[in-house]
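# Commentary on secondary and tertiary structure
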Amino acid sequence: MQEAGAKSFYFSAAAAVEGREPIKFHNPKYMALLNHLRFYLPQLFPSLHRMLFLDDDVIVQKDLSALFSLDMNGAVNGAVETCKGSFHRFHRYLNFTDTRLRGRFDPEGCLASLEVRRVEGESGWLNASYAPVLRQMQEAGAKSFYFSAAAAVEGREPIKFHNPKYMALLNHLRFYLPQLFPSLHRILFLDDDVIVQKDLSALFSLDMNGAVNGAVETCKGSFHRFHRYLNFTDTRLRGRFDPEGCAWAYGMNLFDLDGWRGANVTGTYHYWQEQNVDNSLWKLGTLPPGLLAFNGLTHAIDPSWHVLGLGYNPHLDMNAISKAAAIHWNGNQKPWLKIALPNYRSLWTKYVSFDDPWLSECGVT
């Protein structure tokens, strides 16, 4: 606190206004000695063996003496866990500055940790020489296919196949989770059009029987089978994969990153992405290469964990939606768009602060 930089950061109004951090980060109370005295309790009270620490904004309403006989199993600090979980978000450069403010995602300060990272910051290894999708997007044919209006109009494929979101790096980052989080063993993947309604922590102790990907299966009858997503007239697929194999959903997935590394799932994804350079094996999206990369490595989880279809199916069971741990607006009718299905939109709007100026600027109503 005696250094010039710290004095400027905490006591200069200009620094608080001009800085990128929220102004609360400049509050000098966070560096106040009284606030940090809690780290010197053994020195302040050398004769004590246990101590109950209370902040100055706490009121005691009941007897606390039982805490002094509490068995803490060898721990040093006994505390209430207000929330659990660490969240990691990725953004492109254009919208990174605004979205990195923690308060936008965690207004109650509830998360154990929240990390917001910029995709371009991974450029040390995530580049065209390593990732086939980046290399393919630099090729003239891909640029014409995805970014040329004439190609979309003249082509024989439906116009949705020309949507560049299917080749977007943010969409394909899901195949690089072990590299992005090298110290993690398990991770729960959530798409940005998912709302979590119930506690998901039980998934982290789920026995996946050696599988790498825990996901809800989507096949019903002949729908959502492998042959709906992949071209089995191609000899590279025929005989290697079951065309009647049951597809599963992206959006909420439990990944065993240790098993992923051992099975080299990213390498398998790279192989098939290279094979599909001419879009002959599948036309769009990350699910087809996911079905190939995680083939034989997927464990079906109970459908109540993840209810899908709120972005296109107006006939979903509302009782199933209310009981679901997570609900997913997969499809084009996202809840923040005017074309959202009206019977589901309130499930999203009840969590939105419409008076937020940034949402107003984006036209969210």
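This text gives an overview of the structure that appears in the document. (Residues numbered from 1 in each chain as written. Predicted model: local features only at pLDDT ≥ 70, side-chain atom pairs only at ≥ 80, totals over all residues. Heavy atoms only, no water.)

When helices and strands are tallied, the protein chain shows 16 helices and nine strands. Burial status across the protein chain gives 36% buried among its 365 residues. Restricting the contact set of the protein chain to residue pairs at least 6 apart, pairs at least 24 apart contribute 62%. Accessible surface computed for the protein chain: about 22300 Å², of which carbon and sulfur atoms make up 55%. (Helix = DSSP H or I, 4+ residues; strand = E, 2+ residues; numbered from the N terminus. Buried < 20%, exposed > 50% of the residue type's maximum accessible area, 1.4 Å probe, protein only. Contact = heavy atoms within 4.5 Å. Areas by Shrake-Rupley, 256 points an atom, 1.4 Å probe, with all protein chains shown as cover.)

So, on to the sheet that holds strand 6 (residues 252–256). Pairing in this open sheet of four strands is mixed, and the strands run 3-6-5-7 from one edge to the other. At either end of the open sheet lies a strand with only one pairing partner, and these are strand 3 (186–190) and strand 7 (298–300). For this sheet the average axis-to-axis angle between neighbouring strands, irrespective of direction, equals 25 degrees. Two elements, strand 5 (residues 213–215) and strand 7, share three bridges in a ladder whose sense is parallel. Residue pairing across strands places Gly 214 opposite His 299, the latter belonging to strand 7. (Pairing = 2+ DSSP bridges. Axes fitted to C-alpha atoms, helices over the stretch in contact; angles between N-to-C directions.)

Next up on the list: the sheet that holds strand 8 (residues 306–307). Backbone hydrogen bonds are what pair the strands of a sheet, in a parallel or an antiparallel way. On the basis of which strands lie adjacent, the open sheet formed by three strands has the order 4-9-8 and mixed pairing. The strands lining the two open edges of the sheet, one partner per strand, are strand 4 (194–196) and strand 8. Summarising the sheet, strand 4 and strand 9 (residues 326–328) pair through three bridges and their orientation is antiparallel. Note that in strand 9 the partner of Ile 195 across the bridge is Ile 327.

A few words on the environment of Leu 184. Inspection of the secondary structure puts Leu 184 in the loop between helix 10 (177–180) and strand 3. When its relative accessible area of 26% is taken as the criterion, Leu 184 is described as partly exposed. Taking the C-alpha atoms as reference points, Leu 184 and Leu 257, separated by 73 residues in sequence, lie 7.0 Å from one another.

Further remarks concern the nonpolar core. Taken as a class, soluble globular proteins show a tendency for nonpolar side chains to be buried jointly. Of all hydrophobic cores here, the largest spans 37 residues; its most connected members are Leu 177, Leu 237, Tyr 250, Phe 255, Trp 260 and Phe 294. Considering every element that reaches this core, the biggest residue donor is helix 13 (residues 287–293), with four residues. Among all residues touching Phe 294, those that are not within four sequence positions of it are Phe 175, Val 212, Asn 213, Trp 248, Tyr 250, Phe 255, Trp 260 and Val 265. Of all hydrophobic cores here, the second largest spans 15 residues; its members include Val 194, Met 208, Ala 249 and Leu 254. (Core = buried A, V, L, I, M, F, W, Y, C linked by side-chain atoms within 4.5 Å.)

Attention shifts here to the state of the cysteines. Counted under the stated rule, the structure contains one disulfide. Each sulfur of the disulfide joining Cys 219 and Cys 246 lies 1.8 Å from the other. In this structure, the disulfide formed by Cys 219 and Cys 246 twists by about -95 degrees around the S-S bond and is classed as left-handed. Taken together, the residues span a long stretch of sequence, with Cys 219 in the loop between strand 5 and strand 6 and Cys 246 in the loop between strand 5 and strand 6 at a distance of 27 residues. (Disulfide = S-S within 2.5 Å.)

It is worth spelling out a nonpolar patch on the surface at this point. The grouping of Phe 39, Tyr 40, Leu 44, Phe 45, Leu 48 and Met 51 at the surface amounts to a nonpolar patch, some 610 Å² of accessible area in total. Topologically, Phe 39 is positioned in the loop between helix 3 (33–36) and helix 4 (41–44). (Patch = residues over 30% accessible without salt bridge, like charges linked within 9 Å, V, L, I, M, F, W, Y side chains within 5 Å. Salt bridge = Lys/Arg side-chain N within 4 Å of Asp/Glu carboxyl O.)

Right, let's get into helix 15 (residues 342–349). Within helix 15, the full set of buried residues consists of Tyr 344, Leu 347, Trp 348 and Thr 349. Here the buried face of helix 15 lies against strand 4, helix 14 (318–323) and strand 9.

Before going further, it helps to examine helix 12 (residues 265–275). All of the buried residues along helix 12 are Val 265, Thr 266, Tyr 269, His 270, Trp 272 and Gln 273. Here the buried face of helix 12 lies against helix 6 (132–137), helix 9 (169–172), helix 10, helix 11 (257–263) and helix 13.

According to the stated counting rule, one finds five salt bridges in the structure shown. One salt bridge connects Lys 334 with Asp 193, and the closest N-O pair in it is separated by 2.5 Å. Of the two residues, Lys 334 sits in the loop between strand 9 and helix 15 while Asp 193 sits in the loop between strand 3 and strand 4, which places them 141 residues apart along the sequence. The pair Lys 334 / Asp 193 is uniform in exposure class, with both members buried. For Arg 261, the salt bridge goes to Asp 258, with nearest N and O atoms at 3.1 Å. Placement of both Arg 261 and Asp 258 in helix 11 is noted, with a separation of three residues, approximately one turn of the helix. The class of Arg 261 is partly exposed, set by a relative accessible area of 32%.

Before going further, it helps to examine the pairing of strand 6. Counting buried positions along strand 6 yields five of five residues, so the element is predominantly enclosed. Here strand 6 shows a buried face lined by Met 252, Leu 254 and Asp 256 and a second buried face lined by Asn 253 and Phe 255. Relative to strand 6, strand 3 runs antiparallel, the two being bridged by five bridges. Among the inter-strand pairings, Leu 188 is bridged to a residue of strand 6, identified as Leu 254. When strand 5 meets strand 6, the two strands line up antiparallel, connected through two bridges. Note on strand 6: the bridge partner recorded for Asn 213 is Phe 255.

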